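Geometric and topological summary
Below are the chains, spelled out letter by letter.
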Amino acid sequence: MTSRKRSGSGSTKRPKEKVVYIYELLCRGEDPSADSPEFWHEFFLLQPNFESLEDQISKINNEQLHVVKPNLNTLFQKCIEMLDTSREDHPKRLCNSLQTLCSLFYGIFRKCNTDASSNILNEIFGHETMDEWLKLLMQHCNRILLGDVTENARFMCLKLLLVLVTGTDVSQNVLLEYLMMHSLFDAFVRLLSDPTFRAQHGHDIVILLTILVNYRKHEATNPYVVQLSILADELALNGYGQMISQSLIDFCRQYMQSLNNVQSSSWFSSLSSMVGNMFVSDEGCERVQQIKANNGLLLALYEAVHLNRNFITTLAHPQAESSAPPSPSNTLSLTQPVPDLANAPIIDMTQYPTNLLVAVFQYCSIVMQDNKNESSIANLKLCFLILTCISEDQYANSMMHDSNLTFKVMLHRAQMRHRKLNVDRVGKSQPLAATLLDLLVEFIVSHLMKKFPMELYLLCIGVIHRILCYQKRCRVRLNYPWKELWSALIGLLRFLVNQEQTLVKKCNIFHLSLQVVNIFNLFITYGDTFLATTNSYDELYYELNREEKVFTEIHAMVLRYTTMPECEYKDDVIKLLNALVNILAIVKHFQNKIKEWLAEQGLSTPTEEQILDVVRKNYDLTLKLQDSLDQYERYAEAPLHSSFFQAMVRDVVNDTRKHIYGYVKEAVSIIPEQEVLLATVTASTPTTPGPST
């Protein structure tokens, strides 16, 4: 009965792959090569099984490790031997050895990350013999990246390097020392300089460089930091920037398409979507995940503008390649069918960025609208740090203020109850400095909320201050509607005064108020050097008088805190009190003149033009000359932002690790078929006979 049931059940077990059987022998401490001198040559013709090898490594405990260790060392060494591109060998062996190394390293790292008691990483790689093998691995990787090999081998080599650098937290990854001692920077630069290689591998290279640059960057000399800071190869720098801009442009394109889809849908489906989103976790929604996916390339952009002055020249470089880079987050699956482009919707390309700087501005305007979760806030902070570095650079400022270099930039604005959005979101053609100011003004007016983002506001005001300092220093008269900036800054001061009781318990509102007031002092003291027209001065004094209540209330608030003995912000309170002197003098002077004029004319409600006329005729007042208004502290990453970048790098490493696992596993099953096809085609190609050797 039993035998009949078994034979008729149809539940026969799938036969075990030969490579899986070999993995099991190796991880039991047995030597499968004992009776076969050609074992390893045959082994590397077998298709690797990524999941199986990882699973076998995960089962090894500390007691079994001393038995299994020799076999794992042997497997590691044999893989490296197969990477020697000078060998006349089957191309499949090279790819399979790279795939096996990916699986081996990934399994070991995962064992360490999930099992705190495991010491497998140190046991395998923590001795002098393995030092030589790891050095040899780096040398072979360099030859593969630059050598005459198949693109699949180059692809897998880069994936192997990504597995190595993302295996664990960057500060704890001891294997990164070998990448420091044997730098692959020159190989990365050559690949980025080549349009074909860049299109295929550019994303991986930029992410690798970003992670390697952040390895102990403040603790010891990092060769990647040094080499990136002095890189002057224009092709490589343009290629580096192109990878970043294409990713940001792709994000902006997806956002625009999602907006168009929402606008074309019915009001009921839009309402359903809005209600549904209320119950979705902010951190888990699709938009947040898309923003997080850009962290790696944004961090790459930050490192470039922070370290390399030559990179600034690429910011306004037109982007010739329109396709998105092949990154794990935005490519099709290897097994996914190619979409039908014939039926794709026609897209108005004037809505999309044309260079890196424009892409950054448009990207920032999108990210600004999402302020409900920590991921988006961290991403926006990184954007502001990038803008800070750009606004400190002399060449970047001259480029952004060039009146002959104008762009139409679509800045997205959040929907707010107290304003109507313009249907035509594409702005007028203007210098990029004007667009940047538009972006910063939009942030100021759209983030006045109870959960006040103090750090972001300080960074935002800091960028505005740097732009004005450049204009004053170089006497650049930007044609800009300054009234919008003044109104936004006064609105910020009004908010700080109204929310004083709540905010003062959480943050130093006096320091931010001081930065804002000093921007007004910069206009008052040096406006004649950079304001485009004399009318601008009249409008400035008009705005100060129109909003005199705000400055009077700030002054009263500051006086109150000067009498408090236990005020922790006493220094900033005193500085703010001194900074208000000229503004209060202007307000008092013109308020008296306006009252006198109204009495003479017998009016109670004057028009704006009448007030402006009074202002023009009564500039007879003396102001106090204030020092250092056009000075600012140069940006420095450490120590203020060190912890932020450590957390950001950790997120990039974790995110890349998740993608790389699925991508390599998928590639393991696809690439061998391609290699077999390539080998078959090569073997069937007739060759010219040569002399026998």
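Residues numbered from 1 in each chain as written. Predicted model: local features only at pLDDT ≥ 70, side-chain atom pairs only at ≥ 80, totals over all residues. Heavy atoms only, no water.

Observations concerning the overall build of the protein
Scanning the protein from terminus to terminus reveals 31 helices and two strands. Pairs at least 24 residues apart make up 80% of the contacts formed inside the protein by residues separated by at least 6 positions. Accessible area for the protein stands at about 33,400 Å²; split by element, carbon and sulfur atoms hold 52% of it. (Helix = DSSP H or I, 4+ residues; strand = E, 2+ residues; numbered from the N terminus. Contact = heavy atoms within 4.5 Å. Areas by Shrake-Rupley, 256 points an atom, 1.4 Å probe, with all protein chains shown as cover.)

Let's talk about the nonpolar core
Within the largest apolar cluster, 222 residues are counted, with the highest numbers of intra-cluster contacts made by Phe105, Leu137, Phe188 and Phe520. Residues in contact with phenylalanine 105, not counting those within four places in the same chain, are Phe76, Phe125, Leu134, Leu137, Leu160, Val163, Leu164 and Leu175. (Core = buried A, V, L, I, M, F, W, Y, C linked by side-chain atoms within 4.5 Å. Buried < 20%, exposed > 50% of the residue type's maximum accessible area, 1.4 Å probe, protein only.)

What to know about the side chain of histidine 465
One can find histidine 465 in helix α22 (residues 454-474). Each residue touching histidine 465, except ones within four places of it in the same chain, is listed here: Ile519, Leu522, Leu629, Gln631 and Tyr632.

Here we look at helix α11 (residues 185-193)
Most of α11 sits out of view: seven of its nine residues are buried. Listing the buried residues of α11 in full gives Phe185, Ala187, Phe188, Val189, Leu191, Leu192 and Ser193.

Describing the pattern of salt bridges
The full count for this structure, using the stated rule, is 28 salt bridges. For aspartate 204, the salt bridge is made with lysine 159, and the minimal N-O distance between the two is 2.3 Å. Here lysine 159 lies in helix α9 (residues 151-165) and aspartate 204 lies in helix α12 (residues 195-213), a separation of 45 residues in the sequence. Here the two residues aspartate 204 and lysine 159 agree in accessibility, since each one is buried. With a closest N to O distance of 3.3 Å, glutamate 637 and lysine 217 form a salt bridge. Here the residue glutamate 637 occupies a position in the loop between α30 (608-616) and α31 (642-684), and lysine 217 occupies one in the loop between α12 and α13 (223-230), the gap between them amounting to 420 residues. By the burial criterion, glutamate 637 is buried, and lysine 217 matches it. (Salt bridge = Lys/Arg side-chain N within 4 Å of Asp/Glu carboxyl O.)

A short note on the packing of aromatic side chains
Applying the stated criterion across every chain, the model contains 30 aromatic pairs. Relative to phenylalanine 105, the ring of phenylalanine 76 lies with its centre 5.6 Å away and its plane at 90°, an arrangement referred to as edge-to-face. Of this pair, phenylalanine 76 sits in helix α5 (residues 62-82) while phenylalanine 105 sits in helix α6 (residues 91-114); the two residues are 29 residues apart in sequence, bridging distant segments of the chain. Ring geometry for phenylalanine 644 against phenylalanine 645: centres 5.1 Å apart, planes inclined by 75°, an arrangement best described as edge-to-face. Taking the relative accessible area as the measure of exposure, phenylalanine 645 reaches 3% and is therefore buried. Aromatic rings pair up to connect Tyr23, Phe39, Trp40, Phe43 and Phe44 into one cluster. Sitting above the plane of the phenylalanine 644 ring, lysine 381 keeps its charged end 4.2 Å from the centroid. Here the basic side chain of lysine 472 rests over the ring of tyrosine 526, its NZ or CZ set 4.6 Å away from the ring centre. (Phe/Tyr/Trp six-rings, centres within 6.5 Å; stacked < 30°, edge-to-face > 60°. Lys NZ or Arg CZ within 6 Å of the ring centre and 35° of its normal.)

Structural notes on the side chain of lysine 472
Along the chain, the position of lysine 472 falls in helix α22. Polar side-chain contacts of lysine 472 include one of 2.6 Å to the side chain of aspartate 630. Setting aside residues no more than four positions away along its own chain, lysine 472 makes contact with Tyr526, Thr529, Phe530 and Asp630. (Polar contact = N/O pair within 3.5 Å; in protein donor to acceptor, adjacent residues only side chain to side chain.)

Points about the environment of serine 86
Here serine 86 is to be found in the loop between α5 and α6. With relative accessibility at 59%, the residue serine 86 sits in the exposed group. Residues serine 86 and histidine 140, spaced 54 residues apart in sequence, show a C-alpha to C-alpha distance of 10.0 Å.

What to know about the packing of α6 against α9
Put simply, α6 and α9 touch, their axes get as near as 9 Å, and they point 15° apart. As far as their axial angle goes, α9 and α6 are roughly parallel. In the packing of α6 onto α9, the handedness of the crossing is left-handed. When α6 is examined against α9, the residues Leu94, Cys95, Leu98, Gln99, Leu101, Cys102, Phe105, Tyr106 and Phe109 are found in contact with a partner set consisting of Asn152, Ala153, Met156, Cys157, Lys159, Leu160, Val163 and Leu164. Class assignment for the residues of the contact of α6 with α9 results in 14 nonpolar, two polar and one charged. (Axes fitted to C-alpha atoms, helices over the stretch in contact; angles between N-to-C directions. Parallel < 35°, antiparallel > 145°, perpendicular 65-115°, else oblique. Left-handed = near helix turned anticlockwise from the far one by under 90°. Nonpolar A, V, L, I, M, F, W, Y, C, P; charged D, E, K, R; others polar.)

With respect to unusual backbone geometry
The omega torsion of the bond from alanine 638 to proline 639 falls at 0°, within 30 degrees of zero and hence cis. Residues other than glycine seldom take positive phi values, yet arginine 475 does so here, at roughly 55°. Relative to the helices and strands, arginine 475 is located in the loop between α22 and α23 (482-498). The phi dihedral of serine 628 falls on the positive side, at around 65°, and the residue is not glycine. Tracing the backbone shows serine 628 in the loop between α30 and α31.

Some details on the packing of helix α26 (residues 534-546) against helix α29 (residues 581-601)
Taken N-terminus to C-terminus, the directions of α26 and α29 make an angle of 85°; their axes are 9 Å apart at the nearest point. Classified by the angle their axes make, α26 and α29 are roughly perpendicular. Listed contacts from α29 to Tyr541, Leu544 and Asn545 of α26 are Ile583, Ile586, Val587, Phe590 and Gln591. Here the contact of α26 with α29 is built from residues that sort into six nonpolar, two polar and no charged.

Some details on the environment of tyrosine 569
Tracing the backbone through its elements, the reader meets tyrosine 569 in the loop between α27 (548-562) and α28 (570-579). Taking the C-alpha atoms as reference points, tyrosine 569 and asparagine 508, separated by 61 residues in sequence, lie 6.8 Å from one another. Those residues in contact with tyrosine 569 that lie beyond four places of it in its chain are Val504, Cys507, Asn508 and Phe510.

Some words on the confidence of the model for the protein
Chain-level statistics for the protein give a pLDDT mean of 84 and a share of 83% at 70 or above. Within the protein, α22 carries the highest mean pLDDT (97), whereas helix α1 (residues 2-9) carries the lowest (45). A low-confidence stretch, residues 321-350 stays under pLDDT 50, and its non-local contacts, those more than four residues away or across chains, total 40 contacts. Taken together, the stretch residues 675-693 has pLDDT below 50 and engages in eight contacts with residues farther than four places along the chain or on a different chain. (pLDDT = per-residue confidence, 0-100.)

Describing α6
Between its first and last C-alpha, α6 extends 35 Å over 24 residues, near the 34 Å set by a 1.5 Å rise per residue. Summarising burial for α6: 19 of the 24 residues are buried, a large majority. (Expected span 1.5 Å × (residues − 1).)

Points about the environment of threonine 100
Relative to the helices and strands, threonine 100 resides in helix α6. Separated by 51 residues in the primary sequence, threonine 100 and asparagine 49 place their C-alpha atoms 8.1 Å from one another. Each residue touching threonine 100, except ones within four places of it in the same chain, is listed here: Phe44, Pro48, Leu53, Leu75 and Cys79.

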